[in-house]
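# Summary of the model geometry
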Amino acid sequence: PVNGHKKVMEEFAPYLVESIAEQQQQQEPATGGYVPMHIIISSHASLGAVYFMQILREEWRQHLLTRDQSPVTGNKSLNDIGVRITAWGTTVITARKTSGTSVNVLTVRKVVDFCTVPSVPDAAESSQWNQEETLQPTLNLATSMGELIGNGHNLCTALFGPRFKCREGGLLAISLSNLNPQNHLGIVLGNMSRMDPPQPPPPPPEFEQKIADTATSQWYQGQNITPNVGRLMEEALDRERLDIAKALDIDVRNIYEHFSWSFHVPIETPVMDNDDGEALSMKMRPLSVSEMNQQMHHYLQNDVLGPASPDSRYVLEDVPYGLVLTVILGRLVDRPAILHEAGIKIISAMYGRDFMVENELLQGLGLVHGDILPSLEKWRDMAYSDVYMISDRCDHGVGTLSNYEDLTLEMSLLVEENYGR
């Protein structure tokens, strides 16, 4: 889960840099150098790729210093040695663990959004995907290993098949193309009593009759996306996210594409004649989110079991690491995500904790320092590049987001000052 990414990145970085250094020493100039290093984050959130690159650069700098080499002039920079990070907007599969040695794969997604950093904005990788040819391989078998690993689209296709679409907008597009946080918010708000059934209290001394167990049985989340829950997801939460993406001028999927590409459910259905129940020829209407989920449950039978405990990633991961960034970006471009923010506050009240301050990746990027907050242009730079550092004072894991209101106010002032919004 994303709430463990920061710790994993920090512990993984020294070993990765050591491996890079060993490959650099062993490279043979006649063969054109060693194979670049490529990391895939599945799935990505909260600009984690930028944070990981920041840690790798620092580890590389320390590596050079221990060998009496200047981080500026000694050997190669981290960019020169070919480290790339590909970020996915979601996972390739939806699955549930069934035992210590098995999982139940419910669906293999038709399309997975991705981007690779560092990269040039809207680079040529984005043209390597064709929706009409999703199932057709695009690899040249003669591609060298270095070219394969250096190209995010080719690498992901070789490993997981032709299902990857490069999103214009870099990491911001990938962050806003991950619909799980907003969708899980709607599911959690509509089904918290199913996630958190009360346990029977101790019986009074004179009470001898056995108390019935009030714990609920397993429940399916798609089946319980009712018309009202679906309306919250599609007409309210998704609209806020799309408005933010439009203000940022980035390309993201909508909620209907998400369910169709993830669970192979159609986006449209024939218009039915109310009198005889027959489909009216050539007339189609869009399915609502609730209707798409009912088709998944009743006909496709790839519905997903809902959380059986309040200690679910739907809350502990998606709220601080998904919804919080959406709220910050909305404030940044003057498109406030009112319902996203209200959802964070409601969930925080339910759990008795402040999820607004629990995003360790944003803390690690230095967003706790109000005087050095990035402008909108800097956010866009971060979406494509691995070289942006907010400040040398931003030590890993230092600070909290307790000054969240000051943070968002400062960001709004920066945008107004620099862009007149």
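Each value, and the rule that gives it
- Residues numbered from 1 in each chain as written.
- Predicted model: local features only at pLDDT ≥ 70, side-chain atom pairs only at ≥ 80, totals over all residues.
- Heavy atoms only, no water.
- Helix = DSSP H or I, 4+ residues; strand = E, 2+ residues; numbered from the N terminus.
- Buried < 20%, exposed > 50% of the residue type's maximum accessible area, 1.4 Å probe, protein only.
- Contact = heavy atoms within 4.5 Å.
- Areas by Shrake-Rupley, 256 points an atom, 1.4 Å probe, with all protein chains shown as cover.
- Polar contact = N/O pair within 3.5 Å; in protein donor to acceptor, adjacent residues only side chain to side chain.
- pLDDT = per-residue confidence, 0-100.
- Phe/Tyr/Trp six-rings, centres within 6.5 Å; stacked < 30°, edge-to-face > 60°.
- Expected span 1.5 Å × (residues − 1).
- Arc of directions from axis to C-beta.
- Patch = residues over 30% accessible without salt bridge, like charges linked within 9 Å, V, L, I, M, F, W, Y side chains within 5 Å.
- Salt bridge = Lys/Arg side-chain N within 4 Å of Asp/Glu carboxyl O.
- 1 Å grid on protein atoms, 1.4 Å probe; cavity = no way out; pocket = protein on both sides within 12 Å on 5 of 7 lines; lining within 4 Å.
- Points joined across faces, edges and corners; volume = space filled by probe spheres on them.
- Nonpolar A, V, L, I, M, F, W, Y, C, P; charged D, E, K, R; others polar.
- Pairing = 2+ DSSP bridges.
- Axes fitted to C-alpha atoms, helices over the stretch in contact; angles between N-to-C directions.

## Details of the overall build of the protein
Looking only at helices and strands, the protein has 15 helices and eight strands in total. Within the protein, the proportion of its 421 residues that are buried is 47%. Long-range contacts, defined here as pairs at least 24 residues apart, represent 75% of the contacts in the protein between residues at least 6 apart. Total accessible area on the protein stands at roughly 20,700 Å², and carbon and sulfur atoms take up 51% of it.

## Some words on the side chain of His 44
Checked against the element boundaries, His 44 lands in the loop between β1 (38-41) and α2 (48-66). Polar side-chain contacts of His 44 include one of 3.0 Å to the backbone nitrogen of Gly 48. A polar contact of 3.0 Å, which involves the side chain of His 44, links it to the backbone nitrogen of Ala 49. When residues no more than four places from it in sequence are discounted, the contact partners of His 44 are Ala 49, Ala 87, Trp 88, Leu 171, Ile 174, Ser 175 and Asn 178.

## Section: the confidence of the model for the protein
Confidence along the protein averages 78 in pLDDT terms, with 69% of residues attaining 70 or more. The secondary-structure element of the protein with the lowest mean pLDDT is helix α15 (residues 404-419), recorded at 43, while helix α12 (residues 338-351) shows the highest, at 97. In the predicted structure, residues 368-372 sits below a pLDDT of 50 and forms 14 contacts with residues beyond four places in sequence or in another chain. Across residues 387-421, confidence stays below pLDDT 50; counting only partners more than four residues off in sequence or on other chains, it has 83 contacts.

## Looking at the environment of Ile 346
Position of Ile 346 among the secondary structure elements: in helix α12. Since its relative accessible area comes to 41%, Ile 346 is described here as partly exposed. Separated by 157 residues in the primary sequence, Ile 346 and Leu 189 have C-alpha atoms spaced 8.7 Å apart.

## Considerations on the packing of aromatic side chains
The tally for this structure, following the rule as stated, stands at six aromatic pairs. Taking 6.2 Å as the distance between ring centres and 35° as the angle between the ring planes, the aromatic pair formed by Phe 12 and Phe 52 counts as tilted. In this pair, Phe 12 is assigned in helix α1 (residues 5-26) and Phe 52 in helix α2, connecting sequence segments 40 residues apart. Note on Phe 12: relative accessible area 37%, which makes it partly exposed.

## Observations regarding α12
In this model, α12 (14 residues) spans 20 Å end to end at C-alpha, consistent with the 20 Å of a helix rising 1.5 Å per residue. Of all the positions in α12, only His 340, Glu 341, Gly 343, Ile 344, Ile 347, Ser 348 and Tyr 351 are classed as buried. Considered in projection along α12, the buried side chains sweep an arc of 155° and stay on one side of the axis. Exposed residues on α12 whose side chains face more than 90 degrees from its buried face are Ile 338 and Ala 349. At the exit of α12 stands Gly 352, carrying a positive phi of roughly 70°.

## Some thoughts on a nonpolar patch on the surface
The grouping of Ile 93, Val 103, Val 105 and Val 108 at the surface amounts to a nonpolar patch, some 300 Å² of accessible area in total. It is strand β4 (residues 102-108) that provides the largest number of residues to the nonpolar patch, a total of three residues. With respect to the helices, strands and loops of the structure, Val 105 is situated in strand β4.

## Quick word on the layout of surface pockets
Where empty space is left becomes clear once a probe the size of a water molecule has been rolled over the atoms. A volume near 820 Å³ is recorded for the largest pocket. Forming the boundary of the largest pocket are 50 residues, of which Asn 180, His 184, Arg 313, Tyr 314 and Asp 318 lie nearest the centre. Residue assignment for the lining of the largest pocket shows that the elements contributing at least two residues are β3 (93-99), α5 (170-177), α6 (180-195), α8 (255-263), α9 (289-300), α10 (313-316) and α11 (318-332). Looking at the lining of the largest pocket residue by residue, the class counts come to 20 nonpolar, 22 polar and eight charged.

## A word on the sheet that holds β1
Spatially, four strands are ordered β1-β2-β5-β6 in an open sheet, and the strand pairing comes out mixed. Either end of the sheet is taken by a strand with one partner, and the two such strands are β1 and β6 (164-166). Neighbour to neighbour, the strand axes of the sheet diverge by 30° on average, direction disregarded. Where β1 and strand β2 (residues 84-88) come together, four bridges link them in parallel fashion. Bridge assignment links Ile 41 to a residue of β2, and that residue is Ala 87. Against the sheet, α5 engages β2 and β5 (112-117), with an angle of about 155° to β5.

## Quick word on the pairing of β5
In the case of a regular strand, side chains alternate between the two sheet surfaces. Burial within β5 is extensive, with six of its six residues counted as buried. Residues Val 112, Phe 114 and Thr 116 line one face of β5 and the alternating positions Asp 113, Cys 115 and Val 117 line the opposite face, and both faces are buried. When β2 meets β5, the two strands line up antiparallel, connected through four bridges. Along β5, the bridge assignment pairs Trp 88 with Phe 114. As defined by bridge partners, β5 adjoins β6 across three bridges and the pair is classed as parallel. Within β6, the position partnered with Asp 113 by the bridge is Lys 165.

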